[in-house]
Amino acid sequence: MDKLDTMRAFLTVVQEGAFTKAADKLAVSPQLVSKYISVLEKSLQTRLLHRTTRRLSLTQAGSDYYQRCLQVIADIDEMESRLTEHAQVVSGTLTISAPMSFGTLHLPQLLMGFQQRYPQIKLKITLTDIKVDIVDEGVDVAMRIGQLADSSYICKKVAPINIAIMASPDYLAARGLPKTPAELQHHHYLKYVYSDDAMLFSGFDNMRHTIDFNDNLIANNGELLVNTAILGGGIVIQPTFIAGKALAEGKLVRILQGYEPKPVGLYMVYANRQYLAPKVACFIEFVSQYYSTPPSWDQV
């Protein structure tokens, strides 16, 4: 039996003055209350109560133990109450990791809205396209884009991410419009260094291995590549959350639309589903409700 249960039973018997009354208050049977007391006395190797058919009374040892139990149980109840209150307070510093371009283009408004709702939460944002280990780096929530591999972390999809193959009208006028993926080997390709080629060229079937891309510019930032494509630097394959505005304004046009990669997702990644800190749970709920379908970058 749990020691705290036996102590609480003992306190209730003394305070109520009878096993039956104590049993009613604890919502258990009188037999179980009697067993609690017997187990407690056996573990202490001393009698705590004088029992008669009419009344119960404390022994000297029982009186001393009663006073100590009162203090112990009061301390435990206070500690549990404080921990529960702490868990219900939405405050503290929330550490978030997010992709660089997505963070610069689409996080400011989201973060402002979140802090307006939860002004006691401080935000610490790290923008990186490298998938860091969230536990080792002390990250509460990582926002990630792609087709996430199985892991021990919780991954919650919050928005679709569409990817387009694009070039500027001036570039296409000068170099010609490719009609099949095989024709890309005759063009300048603006390559994102962290791209997953298996995903990026999923629409090319088996042609990816036979195409000799002219990677004349390789960079670790999608905005730089899109801006270079706008200036006529080559063909780029990037998400519409970066290129959506340029597409809407006609600065870039889609090409090879039948060969575009399958859509991926924007995910929130966190370490544990149970016992989430309130600040983490609130952020996950806020972001889950924030994005529309389709998301704003595909509505321009």
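Report on the accompanying structure. Nothing here was measured: the structure is a model prediction, and the numbers come from that model.

1. Thoughts on empty space enclosed by the protein
Stage number 1. Summed over all chains, the structure comprises one cavity of 30 Å³ or more.
Stage number 2. Space inside the largest cavity adds up to approximately 40 Å³.
Stage number 3. In this structure, the largest cavity is lined by L184, H187, H188, Y189, F213, I235 and I237.
Stage number 4. Of all the secondary structure elements, the ones that give two or more residues to the lining of the largest cavity are strand 8 (188-192) and strand 10 (235-239).
Stage number 5. The class makeup of the residues in the lining of the largest cavity is five nonpolar, two polar and no charged.

2. Considerations on helix 1 (residues 3-16)
Residues three or four positions apart in an α-helix share a direction because the helix packs 3.6 residues into each turn.
Stage number 1. With 14 residues, helix 1 should reach 20 Å at 1.5 Å per residue; the first-to-last C-alpha distance of 20 Å fits that figure.
Stage number 2. Turning to helix 1, its buried residues are T6, M7, A9, F10, L11, T12 and V13.

3. Some thoughts on the nonpolar core
Stage number 1. In terms of nonpolar packing, the biggest core is built from 60 residues, with F102, M143, L266, F283 and Y291 touching the most fellow members.
Stage number 2. Here this core takes six residues from helix 10 (residues 278-290), the largest share from any one element.

4. Some points on the sheet that holds strand 9 (residues 214-219)
Stage number 1. One open sheet accounts for five strands, arranged 9-8-10-7-11; its pairing is mixed. With one partner strand each, in any of the chains shown, strand 9 and strand 11 (253-254) form the two edges of the open sheet.
Stage number 2. Summarising the sheet, strand 8 and strand 10 pair through two bridges and their orientation is parallel. From the neighbouring strand, L190 faces strand 10, where its bridge partner is V236.
Stage number 3. Sheet strands touched by helix 9 (residues 240-248): strand 7 (163-167), strand 10 and strand 11. Its angle to strand 10, the strand with the most contacts, is close to 120°.

5. Considering the packing of aromatic side chains
Stage number 1. The full count for this structure, using the stated rule, is 13 aromatic pairs.
Stage number 2. With a centroid separation of 5.6 Å and 85° between ring planes, the pair formed by F102 and W297 is classed as edge-to-face. Placement of the pair is F102 in helix 5 (residues 100-117) and W297 in the segment after helix 10, with a sequence separation of 195 residues.
Stage number 3. Judged by its relative accessible area of 0%, F102 is buried.
Stage number 4. With a centroid separation of 5.6 Å and 70° between ring planes, the pair formed by F114 and F286 is classed as edge-to-face. Separated by 172 residues along the polypeptide, F114 in helix 5 and F286 in helix 10 bring together distant segments of the chain.
Stage number 5. Within the aromatic cluster, the residues linked to one another by ring pairs are F102, F114, Y118, F241, F283, F286, Y290, Y291 and W297.

6. Concerning unusual backbone geometry
Stage number 1. The step from T293 to P294 runs through a cis peptide bond, and the omega angle for that step is -5°.
Stage number 2. With respect to the helices, strands and loops of the structure, P294 is situated in the segment after helix 10.
Stage number 3. With a phi close to 55°, Q45 is a non-glycine residue in the positive phi region.
Stage number 4. Here Q45 shows up in the loop between helix 3 (30-44) and strand 1 (49-51).
Stage number 5. The class of Q45 is exposed, set by a relative accessible area of 75%.
Stage number 6. A positive phi is found at L256, a non-glycine position, where the angle reads about 50°.
Stage number 7. Along the polypeptide, L256 turns up in the loop between strand 11 and strand 12 (264-270).
Stage number 8. Owing to a relative accessible area of 8%, L256 belongs among the buried residues under this scheme.

7. What about the sheet that holds strand 4 (residues 121-127)?
Backbone-to-backbone hydrogen bonds pair the strands of a sheet. The strands run either parallel or antiparallel.
Stage number 1. Ordered in space as 4-3-5-12-6, the five strands form an open sheet in which the pairing is mixed. For this open sheet the edge positions go to strand 4 and strand 6 (154-161), each flanked by a neighbour on one side alone. Neighbour-to-neighbour, the strand axes of the sheet open up by a mean angle of 20°, direction not taken into account.
Stage number 2. Judged from the seven bridges that link them, strand 6 and strand 12 form a sheet pairing that is antiparallel. Opposite I154, over in strand 12, you have Y270 as the bridge partner.

8. Here we look at the pairing of strand 3 (residues 92-98)
Stage number 1. Across the seven residues that make up strand 3, a large majority, five, are buried.
Stage number 2. Sheet topology note: the strand 3/strand 4 ladder contains seven bridges and is parallel. Its bridge partner lying in strand 4, S97 is registered against T126.
Stage number 3. Handedness of the strand 3-helix 5-strand 4 crossover: right-handed.

Cut-offs applied
- Numbers given to residues run from 1 along each chain, matching the order in which its sequence is written.
- Given that the model is predicted, a residue must reach a pLDDT of at least 70 before its local features are reported, and side-chain atom pairs must reach 80 or more before they are shown or counted; all residues, however, enter totals for whole chains, interfaces and linings.
- Computation of side-chain values covers all heavy atoms of the structure but excludes hydrogens and water.
- Only protein atoms enter the calculation, which uses a 1 Å grid: trapped sets of points that fit a 1.4 Å probe without letting it out are cavities, open sets showing protein on both sides within 12 Å along at least five of seven lines are pockets, and any residue with an atom within 4 Å of a point is a lining residue.
- Grid points are joined across faces, edges and corners, and a volume is the space filled by probe spheres set on the points.
- Elements are defined by DSSP. Helices are runs of H or I of four residues or more, strands are runs of E of two residues or more, and each kind is numbered from the N terminus.
- Throughout this entry, Asp, Glu, Lys and Arg are counted as charged residues, while Ala, Val, Leu, Ile, Met, Phe, Trp, Tyr, Cys and Pro are counted as nonpolar. The remaining residues, Gly among them, count as polar.
- One fewer than the residue count of a helix, multiplied by 1.5 Å, yields its expected span.
- The classification of residues rests on relative accessible area computed with a 1.4 Å probe and restricted to protein chains. Under 20% of the type maximum is buried, over 50% is exposed, and intermediate values are partly exposed.
- Throughout this description, the term nonpolar core refers to a set of buried Ala, Val, Leu, Ile, Met, Phe, Trp, Tyr and Cys residues connected via side-chain atoms within 4.5 Å.
- When DSSP finds at least two bridges between two strands, those strands are taken to pair.
- Contact criterion: two residues are considered in contact whenever any of their non-hydrogen atoms come within 4.5 Å of each other.
- Axis geometry follows a simple rule: fit a line to the C-alpha atoms, using only the stretch in contact for helices, then measure angles between N-to-C directions, giving values from 0 to 180 degrees.
- Two rings from Phe, Tyr or Trp (for Trp, the six-membered ring) form a pair when their centres are within 6.5 Å of each other. A pair whose planes differ by under 30 degrees is stacked, one over 60 is edge-to-face, and the rest are tilted.
- With the strands aimed away from the viewer, a crossover counts as right-handed if its path from the first strand over the helix to the second runs clockwise.

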